[in-house]
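Analysis of the macromolecular model
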Amino acid sequence: EKGGFPHFMLKEIFEQPQAIQNTLLGRISLETFEIDLLQKEIDWLKEIVKIYVVACGTSYHAGLVGKFFLERFTQIPVEVELASEFRYREPLLHERCLFLGISQSGETADTLASLRLAKEKGAKVISICNVLGSSIARESEIVLYTQAGPEISVASTKAFTTQVLMLLLLALYIQKIKKGLNQYPELIEKLLHLPVILQEFLDKSYPRVKEISKKWYQAKDFLYLGRNILYPIALEGALKLKEIAYIHAEGYAAGEMKHGPIALIEESFPTIILAAKETGLVYEKTLSNAEEIKTRRGPLIGITTQGSEEVKRLCEDYLEVPQVPYEFLPIFYVVPLQLIAYEMAVLRGCDVDRPRNLAKSVTVE
Ligand code: M6R
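The structure reproduced in this document is the subject of the present report. (Residues numbered from 1 in each chain as written. Predicted model: local features only at pLDDT ≥ 70, side-chain atom pairs only at ≥ 80, totals over all residues. Heavy atoms only, no water.)

Here we come to the pairing of strand β3 (residues 97-103). Along β3, 7 of the 7 residues are buried, which leaves the element largely enclosed by surrounding structure. Judged by which residues are buried, β3 turns out to be covered on both faces: C97, F99, G101 and S103 on one side and L98, L100 and I102 on the other are all buried. Pairing between strand β1 (residues 50-55) and β3: 5 bridges, direction parallel. When the sheet's bridge partners are listed, V54 is paired in β3 with G101. Regarding topology, helix α5 (residues 109-120) serves as the crossover connection from β3 to the parallel strand β4 (residues 124-129), and that connection is right-handed. (Buried < 20%, exposed > 50% of the residue type's maximum accessible area, 1.4 Å probe, protein only. Helix = DSSP H or I, 4+ residues; strand = E, 2+ residues; numbered from the N terminus. Pairing = 2+ DSSP bridges. Right-handed = clockwise from strand over helix to strand, strands pointing away.)

Now the structure itself:
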């Protein structure tokens, strides 16, 4: 049942190229590179003035990535919120708002309650779910299914990367509907090659992840730093390490270091820094954040794209990600972080697929 893998988590990490392939299937025209998500055009999509993305845990992190896509391609302001917060405040909802719920299981109590609230207030509802016919799917006007296949491991991996992909597809789709013209055929064409590049990357990076994990797994704390579209990935990397390896980890926006966390830095506190030239201006900024950590003798582990040489010089260890379009960075950067959490958990003797105190779907508050 685990297909030769020792744990479901590892199996599911390695299933990601296929999960992405399946999620893309039938949604991109191979002739025109047009995205088709809904079969028929929905008029109200053109009228949306505000998007609320609401989710929990890893799905919330996918939502944070989605904000970058949705705002960039649709020019509609986006707010991303934790469902447990959203449902208990008084969000300003009306009929020109889109509520976008994200849930792997489709059963998360807070996300479901938020969706009901949004509907009650007249907002339009779309959900991104992985489980067919789940409660959230059934109660949504429109469901966009990620085709990740069953996710057994408590730690969400392939659901996350397919959610990120679906958010990109949705952003590009709304762009086309609003403008009546697909402005990004080249990017969409590149999406078709993503599974193959990701597969190569997985195979190539796993041995390197093992080395890095062996060297660092005894650390008591980790800091994960990123900026821009890699900031949510820092949050996700830290969450994976906490839940699977029981190591205290914090994800932080690198630019916030000076506002507090830098006080923690010392020789025994490693930082995993996510840096990519493709993020433009903030790449240089991330570099100076890394330098400040090095000056305070904090060990640095870098995840960088090929060609981001400056970061490597500062890091004790680094792992290289292939050069991919900006929009694909979150998918490529999260994979080594999933693998690091997995490897460290195994080295620490943790029950990877059934971490203590956690349930796969949180159906009660
Ligand atoms: O099924 P959902 O996507 O609604 O679940 C949300 C979270 O409970 C879930 O992502 C959780 O954070 C995972 N254990 C993370 O790996």
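So, about helix α11 (residues 281-295). Taking 1.5 Å of rise per residue, 15 residues should cover 21 Å, and α11 covers 22 Å from first to last C-alpha, within 8% of that figure. Restricting attention to buried positions, one finds in α11 the residues V282, Y283, T286, L287, N289, A290, E292 and I293. Of the surrounding secondary structure, the elements contacted by the buried residues of α11 are β6 (221-226), β8 (271-275), β9 (300-305) and α12 (309-314). (Expected span 1.5 Å × (residues − 1). Contact = heavy atoms within 4.5 Å.)

Estimated volume of the largest pocket: approximately 530 Å³. Around the largest pocket, the lining comprises 22 residues; the ones closest to its centre are C56, G57, T58, K360 and V362. Taken together, the elements giving at least two residues each to the lining of the largest pocket come down to α3 (57-74), β3 and α10 (231-245). Across the lining of the largest pocket, the residue classes break down as 8 nonpolar, 10 polar and 4 charged. (1 Å grid on protein atoms, 1.4 Å probe; cavity = no way out; pocket = protein on both sides within 12 Å on 5 of 7 lines; lining within 4 Å. Points joined across faces, edges and corners; volume = space filled by probe spheres on them. Nonpolar A, V, L, I, M, F, W, Y, C, P; charged D, E, K, R; others polar.)

Its location among the elements puts K312 in helix α12. Once residues within four sequence positions are removed from consideration, K312 is found in contact with T304, Y318 and E320.

Right, let's get into helix α9 (residues 194-216). Along α9, the sharpest change in direction is near 35° and occurs at S205; proline P207 comes one to four residues later. For α9, every residue scored as buried is listed here: L194, P195, L198, F201, L202, S205, Y206, V209, I212, S213 and W216. (Bend = angle between axes of the 7 residues up to and from the residue.)

The next point concerns the pattern of salt bridges. Counting across every chain of the model gives 23 salt bridges. K11 is the partner of E15 in a salt bridge, and the nearest nitrogen-oxygen pair spans 2.9 Å. For K11, a relative accessible area of 19% puts it in the buried group. The salt bridge partner of R208 is E211, with a shortest N-O separation of 2.6 Å. One end of the pair, R208, and the other, E211, are both in helix α9, 3 residues apart, so they sit about a helical turn from each other. By relative accessible area, R208 is classed as partly exposed at 24%. The class of E211 is partly exposed, set by a relative accessible area of 48%. What you see here is one network of salt bridges that share partners, running through K50, E79, E81 and R89. (Salt bridge = Lys/Arg side-chain N within 4 Å of Asp/Glu carboxyl O.)

Moving on to the sheet that holds β8. With parallel pairing, 5 strands are arranged side by side in an open sheet as β7-β6-β8-β9-β10. In the strand order of this sheet, the two ends are held by β7 (248-253) and β10 (317-321), each with one partner. The mean inter-strand angle of the sheet, taken between neighbouring strand axes irrespective of direction, is 15°. Note: β8 against β9, 5 bridges, orientation parallel. In the strand pairing of β9, I273 is matched with G302. Docked against the sheet, α11 engages β6, β8 and β9, running at close to 160° with respect to β8. (Axes fitted to C-alpha atoms, helices over the stretch in contact; angles between N-to-C directions.)

Everything listed here is a matter of geometry and, on its own, says nothing about what the molecule does.
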